[in-house]
Every structure is written in structure tokens, then in C-alpha cells.
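# Structural overview for review
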Amino acid sequence: MLETLRRIIQEVNAAKDLDQALAIIVTRVKQAMSADVCSVYLTDFNRKEYVLMATDGLNPEAVGKVRLALNEGLVSVVSERAEPLNLDNAPDHPRYRFVAETGEERYHAFLGAPIIHHREVLGVLVVRQRARRKFDDNEVTLLVTIAAQLAGGIAHARVSGGINGLSKNRQQGRAIEGLAGAPGVGIGQALVVYPPTDLDAIPDRKCDDAAAEVAAFENAVGKVRGDIETLAVRLRATLPAEDVALFDAYLQMLSGESLMGKTSARIRAGQWAPGALRDTIMEHTRAFEAMGDAYLSDRASDVRDLGLRILVYLQRDTRGQRDYPEHTVIVGEDVSATALAEVPKDKLAGVVSVRGSSSSHVAILARAMGVPAVMGVADLDVSRVDGREIVVDGYRGRLFIEPTPVVRNEYLRIAREEQALTTELAELRNLPAVTTDGHRMPLYANTGLVSDVTPTLNSGAEGIGLYRTEFPFMVRERFPSEEEQRVIYRQVLEGFAPRPVILRTLDIGGDKSLPYFPIEEDNPFLGWRGIRITLDHPEIFLVQLRAMLRASRGLDNLHLLLPMISTLSEVDDALHLIKRAYQELLEAGEAIVMPKIGVMIEVPSAVYQADRIAARVDFLSVGTNDLTQYLLAVDRNNARVAGLYDALHPAVLYALVQIVEGAHRHKKPVSVCGEMAGDPAAALLLLGMGMDSLSMSVASLPRIKWVIRNISRADARRLLEEVLKLDDAASIRAQLNRVLEQAGMRGLIAVRGGR
Ligand code: PEP
Ligand code: MG
């Protein structure tokens, strides 16, 4: 059974569109279960009907024509109960409805399984048999499993391109739900970005000049052929001829009609070269894999490998000459920080990523740049959206593909209002963040880009509360040298002097990897990350520390921050290395002042030891992005569980209260530098808790200043006490939103995205 299931799923995954996938399913399931009929009905939410979409066994003419009302027939019983229905004689059931066009009168046994995605029934998978009999447990499980596997694909097709046969306007006017990544509204043309070595991620794109595209393809194939010939020559010197014969087979594949001819034909039919290559390679691998033989499956990976090699050359030729639309919305499976940085800033209207969430680094970067972003749009089929108009609603975490005029106009209105609010808030720039009862709450900026220095200075930030040093490491092909680092840090420290700048030591690992320092782990967020890596590699850590210390010479505004501390010995070891770097520089005659040193509290163990940590250092800074992830056991980048990720969870609030107590017991200041600090609702509570400062992306700063200036500290304390009595994040947010609304801060209410 498992093998059957594996084969069916493999074939379905390789299908080129939903119609083909459904056709494969009905045929294969019918065979596997020795049934007389297998059919798929999908829910047409717009017309409130079920539509027969594919069948093997019923009259094929009925496909697309047979429609059942939502309370009609056994399909609706399966859908309502969201459970399988197994009947030995369907016509006996009171809800049975006979449909003449299908020719189903001959069938008795009925088994239906719901196709469910995110708790919504998208359709029903049905098998029928002439005989009167109940399907056995194995058959029921097989059908339920296949229906569950099918759900994701159907959801994809539904939102991205519509499904032939279902009414279209629901898709067109319908929001595609994701997660709020960066606030704002953007309208522009989708440009799909994808990693250079992923064939599956290549989008469909029309080509204007087929001859040039074919030439580029042939040129790339020629280069791969050259590479393989060189490899073969090298190997012939050391290996017997028969082993090297494999390379001749590769060369034949590269010259063969089936690769060259078919791809060129696809290009001439209008597809661009990478898309045409993808389809040809897929067709080949599908054919090999369908043969179900281990040897031939290996040939499928050879074909893929050759395809990737061609792709790399194709992209090398086309990269860098890309024309960005005037209003570009970049869309990708997993949009990287570099893809974002490649788009000229004045053309970037929005970011959409299938994977990731609001705390992914690309979302953090988007917020820093003031570009709206929607993350975790799991239902989006990226391959179908290139070039289409997209509305990005970064407030609610949703998007619209080819919006209706009503939707489009509404978003244009919101964008205008937002512009007006931003202008209004900009007037606060030079005013201090002081509560109505006179308490000052310094607001700092988070950044990781040198180019941010001027805009950050203009934002009214009182300093840099978190400078993530990973970015300069991520954009290079090797570790930056001490001098390269010193120059970068100096620009930031100098730009802000005499205001404080908190430089965080390298926090790689987890979701941040360096191309030249790969870390392969099953569980990276619980693995080798942050301070754990830098303590294990003092040669990397000391270089960074010396660069930071030297950069601060004469400015004396440097603060150091240590990430991912989970045990006291890490603090001691890090302090030891910092002192060593400092001593070495003093001995070398450098006139440097010892910086203040802080620890990030972002791991539950550090919450419980916050007071002991505070006793050892000068300040604490709470990384609520990670703290929320670790306290709630919710991966911060996993869209599937992002609905559970909320820094307003009472457990997180209790932890924060405890951290403040721990720090203040030793008279040490404590701030929040996670994204929570930039959420107006959360800021009310952080003020009430007694946080000494907040650090956030520049885009959030004016809003938070507005909040602080419009509430008293006493009210914030009372509010904190009230919400700590509530059970969950949703009720807490609702309560805080009410307060924001009453205080006339309606425009600041963040509507959480997500499902
Ligand atoms: C955090 O975890 O809250 C934080 C500020 O650090 P980062 O997002 O870089 O992990
Ligand atoms: Mg962190």
C-alpha cells in the first residue's frame, strides 16, 4: 500500500497542472483499489456547488457539467462531516441523489474522502464499485491519505491561476492569505526570483525574441558539453574506459533531439529558455521515474543534473541585465535578502515570499527599507504569477493577483492615507518620546546596513539599539578581514556619535547561513548558533571584537551585545575574550575605551537566570523574536505554525516581566530589540513593564513615538495588569487595540495576518 501511495504521489507531483494531476489520481486510485469508478468533485465556493472535475469510470462527458448544490448528494455529506463515508449501497442513503448524466446507476458501493486544506473542505475524492460491499480499512486509509496529499496542490491551483471549470471571480477577487511581514501597501508587477540552482522554482515567462533565446540556450548547452568533455579527459587518465563511458552518454544526451529539439520547440512556442528547459527536463525525469526501476531513477537524476548545469550558464548570461518593472513586487519560494537588495530601491513596491514569516530576516530587511512584505503565502503557486499585477497588503498579510477595480481602488486609497499618516508622524521627528506623565522612553533603531545610517539619523532615533553584523558577512564570499570590518563598523559608530551604537557580535546559524561557512544540521535553531559558534571559533570572534574596538577609537559610543546566550559560562567565556582583545589592543598602543557589554535574552534558560546575567554585564536586551520562538516551541520561519507565533502570548509577557525584575535588581538597564518593540499594541505593555528603552526598525519608529506620547506610564501599568489576567494572545491583542482606538490611534492598529 505504501509503495502504491508513493508511486501515485510521485506521479502527481510531476504533473504539469492540476487537470493532469486529477486525471492521474482518478486512474491510479481506481487501479490500486480495483474499483469501478474514481472521481474528484471540487467545491465551487462562489456558486456554492460541487463540480465533477475528473473521473475514470463515469461518463467523461459529465466532467465540468455535473454540479451539485452544497446540501445535495453523498458528496455533500462527506464535505459537511469532513470525514470519510463508507456505504455498501449508496442508493439506500437518505441523502443519495441520482445523477443521470454520469451513468452511475450501475454502482452500489460508495467511499468518499474529504479533501481538506487549512480546515476548509476543497472537494471530495470518491470511489465506487458495482458490487454491494464495504471498503476495508486499508482502502479507506489509502483514499484519505491521497485526498490529504491532494489538498495542497488544489489550494495552490485555486489561488494562483484558477481552476478550469470553477467560476473565476472568486479567485480574482479573493485575497490570498499569508502573514504580515512588513507594513504598508504596494501595487506592482510580479517579478519571480529564484535560486540559481533550482529548476522547479523557475517561473513561466513569455519570450519576445525566440531566436535570441534559442541561441542563448544552445550556447549554454555548448558550454556544459565543453565542461563534460574536459572532465572526461581528466578522468580517462585515471579510470578504465568503461567507467568514463558514462560521460559519453551525457554528451549524447546533450546533443540529442529529445533535449535540444524539444527545448527549442518550446521556446519557439513562446516560453523563455529556462522555462522551456525546465519542462523538457521534467518530462524526461517523469518518464524515467515512472519506469519504477532503481537504475532508471538514477538516470533521472543525471538528467536533472545536466539540466541544472545548463541553467547555471543560462542565468550567468542573463543575470545583471534584468529590466525591473517601474513598480516591482518580488515574488519567490524563499526570497533572500540578496534578491531584495538587487532591486533598485526606487522600483521596489513589495515583497512576497511563500516561505518565512514576519521574523525572517528578509521581512526584517523589508521593514528596515519601508517596503511592504507578505510572508508565508503557502498557497501561492509562484510559477504562475510572473508579470501579473499584484497588490501586497503588508498590514494584514494578504495579496491579490490581478485585483478587480474595486480592490485596486480601495488599496490605492489606503496607500494615499498611509502617505498622509507618515507625513503627520514625520512631524514628531524631533520631539522626544515622553509619556503624558513625563516619563522618557528612549527609542533606538535596529539596522544591519551601512546605507541606513543617514535615513536612521533622520528618523529621530536616539542611537542604534541593535546592529546585526551578519549582513556584511552574508554578502561576501569569505569572512571579511579585520580591516574590512573595522571600516564598516566605523561608518556606523561615526555616523551616530555621540549617540550610543550597540553592535551585536556575529549571530549566524539558525536560519542565517554564510555561503562560505555551511552548517548542515537537522535542527539548526537548537544547534550551533550565535555565541556557540563564535566561542568555538575564537579566531573569528577575536577578529570581530578587535575590529569593533578599533572602530570605536576616539568615539567611545560602542556597546557590545552577545547573542544566543543560554548559560552563564558563555557569558564568562565571552567576557574573557573581550577583555583579551581589549588588552591586546592596549598593549599595541591603541587608545581605546572599554565598551559597555550587554547580553541578549532570547532563550528561556536566560530568562530564569536574567538577574545573574545582569550581575555580570552592563545591560540586557531582549530578543523577542527568538524568545517567542523558543518559549512557544514555534519555528519563527514556519508559515504552517505562524498562527501560533505571537509575542503577546501571556507566557512571553510573564517572561518579559521576570527579565525586567532581574535586570533592575542589579540596577542594570534592559531594552527590547525584537520586532515586538515596533508593534504599537505591544509597546503599551513594554512601557508598563518598565523596559528602559525600545529598539525597532526605522519604519516603526514614528508610530511607537506617537503611542508613547499619547499614554501615561500609570495607564500603561494598569493596562499590563489587566491583560496579564487574560488567557491568550488574541484576547490581549483585542484589549490593546481597543485602548489604541479609544486614544485615537486607530491608524496604528496592526491587524495580524495569518490564517
Ligand atoms: C531577536 O531574536 O529578537 C533578535 C532581535 O535577533 P534576531 O532577529 O537577529 O535573531
Ligand atoms: Mg535573535
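Criteria and thresholds
- Residues numbered from 1 in each chain as written.
- Chains lettered and ligands numbered in written order.
- Predicted model: local features only at pLDDT ≥ 70, side-chain atom pairs only at ≥ 80, totals over all residues.
- Heavy atoms only, no water.
- Buried < 20%, exposed > 50% of the residue type's maximum accessible area, 1.4 Å probe, protein only.
- Helix = DSSP H or I, 4+ residues; strand = E, 2+ residues; numbered from the N terminus.
- Pairing = 2+ DSSP bridges.
- Donors = N, O, S within 2.8 Å, 3.2 Å for Na, K, Ca; no water.
- Salt bridge = Lys/Arg side-chain N within 4 Å of Asp/Glu carboxyl O.
- pLDDT = per-residue confidence, 0-100.
- Contact = heavy atoms within 4.5 Å.
- Near = heavy atom within 4 Å.
- Polar contact = N/O pair within 3.5 Å; in protein donor to acceptor, adjacent residues only side chain to side chain.
- Nonpolar A, V, L, I, M, F, W, Y, C, P; charged D, E, K, R; others polar.
- Axes fitted to C-alpha atoms, helices over the stretch in contact; angles between N-to-C directions.
- Core = buried A, V, L, I, M, F, W, Y, C linked by side-chain atoms within 4.5 Å.
- Phe/Tyr/Trp six-rings, centres within 6.5 Å; stacked < 30°, edge-to-face > 60°.
- Right-handed = clockwise from strand over helix to strand, strands pointing away.

### Some words on the pairing of strand E20 (residues 619-622)
- Residue alternation in E20 divides its side chains into two sets, Phe619 and Ser621 and Leu620 and Val622, and both sets are buried.
- Here strand E19 (residues 596-601) pairs with E20 via four bridges, running parallel. Paired with Gly598 across the two strands is Phe619, which belongs to E20.
- Relative to strand E21 (residues 670-672), E20 runs parallel, the two sharing three bridges. The partner of Ser621 across the bridge, within E21, is Ser671.

### What to know about the coordination of the magnesium ion (ligand 2)
- Protein ligation of the magnesium ion (ligand 2) involves Glu602 (OE) and Asp626 (OD), the donor distances falling in the range 2.0 to 2.2 Å. Taken together, the residues Glu602 in the loop between E19 and helix H20 (604-608) and Asp626 in helix H22 (residues 624-632) connect sequence positions 24 residues apart. Here the two residues Glu602 and Asp626 agree in accessibility, since each one is buried.

### Side note on the pattern of salt bridges
- Scanning the entire structure with this criterion turns up 42 salt bridges.
- A salt bridge links Glu410 to Arg413; its shortest N-O distance comes to 2.7 Å. Of this pair, Glu410 and Arg413 both sit in helix H13 (residues 405-426), separated by three residues, roughly a single helical turn.
- With a relative accessible area of 36%, Glu410 lands in the partly exposed category.
- On the basis of relative accessible area, Arg413 is assigned to the partly exposed category, the value being 33%.
- Each of Glu482, Glu483, Arg486, Arg546, Arg550, Arg553, Arg580, Glu584 and Glu590 takes part in salt bridges that share partners, so that together they form one network.

### Structural notes on the confidence of the model for the protein
- Averaged over all residues, the pLDDT of the protein is 88; the fraction at 70 or higher stands at 93%.
- Under a pLDDT of 50 for its full length, residues 750-755 has, in the predicted model, 24 contacts with residues more than four places off or in other chains.

### Notes on the site of ligand 1
- Neighbouring residues of ligand 1: 17 residues in total, closest Arg468, Arg504, Gly623, Asn625 and Arg636.
- For ligand 1, an oxygen atom lies 2.7 Å from a polar atom in the backbone of Asn625.
- A distance of 2.9 Å is found between an oxygen atom of ligand 1 and a side-chain nitrogen or oxygen belonging to Arg636.
- Take the shell around ligand 1: its biggest share by element is three residues, from H22.
- Tallied by class, the residues present in the shell around ligand 1 amount to four nonpolar, five polar and eight charged.

### Quick look at the environment of Glu722
- With respect to the helices and strands, the residue Glu722 is situated in helix H26 (residues 713-723).
- Under the relative-accessibility criterion, Glu722 is labelled partly exposed at 39%.
- Through-space distance from the C-alpha of Glu722 to that of Ile732 is 9.1 Å; in sequence the pair is 10 residues apart.

### A few points about the sheet that holds strand E16 (residues 464-468)
- A barrel is described by the order of its strands in space; here eight strands give the closed sequence E15-E16-E17-E18-E19-E20-E21-E22, paired in parallel fashion. The mean inter-strand angle of the sheet, taken between neighbouring strand axes irrespective of direction, is 25°.

### Considering the sheet that holds strand E5 (residues 109-117)
- What the six strands build is an open sheet, ordered E3-E2-E1-E6-E5-E4; its pairing is antiparallel. Strands at the two margins of the open sheet, each flanked by one partner only, are strand E3 (67-69) and strand E4 (85-87). Direction aside, neighbouring strands of the sheet carry axes that sit 20° apart on average.
- Sheet analysis places E5 next to strand E6 (residues 120-129), joined by nine bridges and oriented antiparallel. Its bridge partner being in E6, His117 is matched across the sheet by Glu120.
- Strand contacts of helix H2 (residues 18-32): strand E1 (37-44), strand E2 (49-56) and E6, with the helix running at about 145° to E1, the strand carrying the most contacts.

### Comments concerning the nonpolar core
- Among the nonpolar cores identified, the biggest contains 105 residues, and Leu620, Leu656, Met691 and Leu694 are the most heavily contacted of them.
- For this core, the element with the most residues is helix H19 (residues 568-587), which contributes nine residues.
- Apart from the residues within four sequence positions on either side, Met691 is in contact with Met441, Val622, Leu656, Val660, Val670, Ser671, Val672 and Leu686.
- By size, the runner-up hydrophobic cluster in this structure holds 38 residues, among which are Val26, Val51, Leu122 and Val140.

### What to know about unusual backbone geometry
- At the junction of Ala497 and Pro498, the peptide bond is cis and its omega measures out at 5° in the coordinates.
- Within the fold, Pro498 resides in the loop between helix H16 (482-496) and strand E17 (501-504).
- Despite not being glycine, Ala633 shows a phi value in the positive range, around 55°.
- Along the chain, the position of Ala633 falls in the loop between H22 and helix H23 (650-665).

### Description of the packing of aromatic side chains
- Across all of its chains, the model carries five aromatic pairs by this definition.
- With centroids separated by 5.6 Å and ring planes inclined at 55°, the aromatic side chains of Phe400 and Tyr411 adopt a geometry described as tilted. With Phe400 in strand E14 (residues 398-401) and Tyr411 in helix H13, the pair connects residues that are 11 residues apart, well separated along the chain.
- The class of Phe400 is buried, set by a relative accessible area of 5%.
- Judged by its relative accessible area of 6%, Tyr411 is buried.
- An angle of 65° between the planes, with centres 5.5 Å apart, marks the rings of Phe479 and Phe517 as edge-to-face. With Phe479 in the loop between helix H15 (470-474) and H16 and Phe517 in the loop between E17 and helix H17 (531-536), the pair connects residues that are 38 residues apart, well separated along the chain.
- Residue Phe479 is classed as partly exposed on the basis of its relative accessible area, which comes to 25%.
- Residue classification places Phe517 among the buried positions, given a relative accessible area of 16%.

### A few points about the pairing of strand E11 (residues 348-353)
- Most of E11 is tucked away: six of the six residues are buried.
- As paired strands, strand E10 (residues 328-332) and E11 are joined by five bridges and run parallel to one another. Each bridged residue has a counterpart across the sheet, and for Val331 the counterpart in E11 is Val352.
- Regarding topology, helix H11 (residues 337-342) serves as the crossover connection from E10 to the parallel E11, and that connection is right-handed.
- In terms of strand pairing, E11 meets strand E12 (residues 373-375) through two bridges, oriented parallel. Counted as the bridge partner of Val352 is Val374 from E12.

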